[in-house]
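# Fold and contact review
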Amino acid sequence: MPLAIAMNNLPEGPLQDTLFNYHKSFGQLIWFIAVLRIANRWIDGAPVPVPTLTAFERQASHVVHILLYVLIFVLPILGYLGTGAYPAPLTFFFFDMPNIVPAFMKNEATSGNLLFAHKVAGITLTVLVSLHIAAALFHALIKKDGVLARMTGNAG
C-alpha cells in the first residue's frame, strides 16, 4: 500500500515508471503465491479452530480468512486487467508480459473502473490485514491462548 500511494503521488517520469513496474511485478508474484497457497489449503484443508475461541471469534476469523483469500487472489487480477485495458505496459520485473485483455475491454473507461476496483480492493485488504494483526496481538497479549503461536508455527 505505501508503494501504491508513493507511486501515484510522484510526478510522471522514470522513478514513477520504476515504482509502477515493481508494483506490478510484486502483484504478479503475490498472485502466483496466492494460487499455490489456495491449492495447498484445498489439498490439506483448513486447521480446526482453536477450542478457546468464542463463537463470534470463530465466525469473524472464518469471514476474514475468506475475504483475505479472495482479495489476495482478485486484487492482482484487477490490476492486470486494468493495466492491460488502458493499455499500459505489462511487465514482470522489467520483462514484457503478454496482454491477454480482450480488445473490447481496451479503453480508458474500462481501465478506470477496473483500477478503481483494484484500489478499493487494496484498501479493503489493508484494513483486513490490520484487523488480522490486531486480533493476533489480542490473542497473544490479552487472551494468551496460543493462537499467535499456532499462526507462526510455534505451537507446542
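In this report, we go over the structure that sits alongside the text.

### Overview of unusual backbone geometry
Note the cis peptide between Y86 and P87, where omega equals -10°. Inspection of the secondary structure puts P87 in the loop between α3 (55-85) and β1 (91-92). For K144, which is not glycine, the phi dihedral falls at a positive 50°.

### Concerning helix α2 (residues 14-44)
Helix length check: α2, at 31 residues, gives a terminal C-alpha distance of 44 Å against a target of 45 Å (1.5 Å per residue), a fit within 8%. Lining the buried residues of α2 we find α1 (2-9), α3 and β1. Two residues or fewer after α2 comes G45, characterised by a positive phi angle close to 80°.

### A short note on the environment of R150
Summarising the element assignment, R150 is placed in helix α5 (residues 147-151). Classification of R150 as partly exposed rests on a relative accessible area of 35%. Considered as a pair, R150 and V50 are 100 residues apart in the sequence and their alpha carbons are 9.0 Å apart.

### Points about the pattern of salt bridges
Counted by the stated rule, this structure contains 1 salt bridge. The shortest N-O distance in the salt bridge between E57 and K143 comes to 2.7 Å. With a gap of 86 residues between them, E57 in helix α3 and K143 in helix α4 (residues 108-143) connect regions that are remote in the sequence. We classify K143 as partly exposed; its relative accessible area is 28%.

### Some thoughts on the nonpolar core
Core analysis: the largest hydrophobic core is formed by 12 residues, namely V64, L68, L71, L75, L78, A85, V101, M105, L114, A121, L125 and L128. For this core, the secondary structure elements donating two or more residues are α3 and α4. Element by element, the count of residues in this core is highest for α3, at 6 residues. Leave out the neighbours within four places in its chain, and V101 touches Y80, L81, G84, A85 and K106.

### Considering the environment of P98
Summarising the element assignment, P98 is placed in the loop between β2 (95-96) and α4. Residue P98 is classed as exposed on the basis of its relative accessible area, which comes to 52%. Each C-alpha atom, one on P98 and one on A109, is 21 Å from the other, the two residues being 11 residues apart in sequence. Contact partners of P98, with chain neighbours within four places excluded, come to Y80 and L90.

### What to know about a nonpolar patch on the surface
Taken together, the side chains of Y22, F26, L29, I30, W31, F32, I33, V35, L36, I77 and F94 define a hydrophobic patch exposed on the protein surface, amounting to about 950 Å² of accessible area. Examining the composition of the nonpolar patch, we find that 9 residues originate from one element, α2, more than from any other. By the secondary structure assignment, Y22 is in helix α2.

### Describing the packing of aromatic side chains
In this description, a pair of aromatic rings is defined by centroid distance and the angle of the planes. Per the stated rule, a full pass over the model turns up 5 aromatic pairs. One aromatic cluster is present, built from ring pairs that chain together Y22, F26, F92 and F93.

### A closer look at the environment of T83
Take T83: it is sitting in helix α3. On the accessibility criterion, T83 (12% relative accessible area) is buried. Distance in space between the C-alpha atoms of T83 and G45 is 34 Å, their sequence separation being 38 residues. Among residues more than four places away in sequence, those in contact with T83 are K24, A88, P89, L90 and L115.

So, how was this worked out
Residues numbered from 1 in each chain as written. Predicted model: local features only at pLDDT ≥ 70, side-chain atom pairs only at ≥ 80, totals over all residues. Heavy atoms only, no water. Helix = DSSP H or I, 4+ residues; strand = E, 2+ residues; numbered from the N terminus. Expected span 1.5 Å × (residues − 1). Contact = heavy atoms within 4.5 Å. Buried < 20%, exposed > 50% of the residue type's maximum accessible area, 1.4 Å probe, protein only. Salt bridge = Lys/Arg side-chain N within 4 Å of Asp/Glu carboxyl O. Core = buried A, V, L, I, M, F, W, Y, C linked by side-chain atoms within 4.5 Å. Patch = residues over 30% accessible without salt bridge, like charges linked within 9 Å, V, L, I, M, F, W, Y side chains within 5 Å. Areas by Shrake-Rupley, 256 points an atom, 1.4 Å probe, with all protein chains shown as cover. Phe/Tyr/Trp six-rings, centres within 6.5 Å; stacked < 30°, edge-to-face > 60°.

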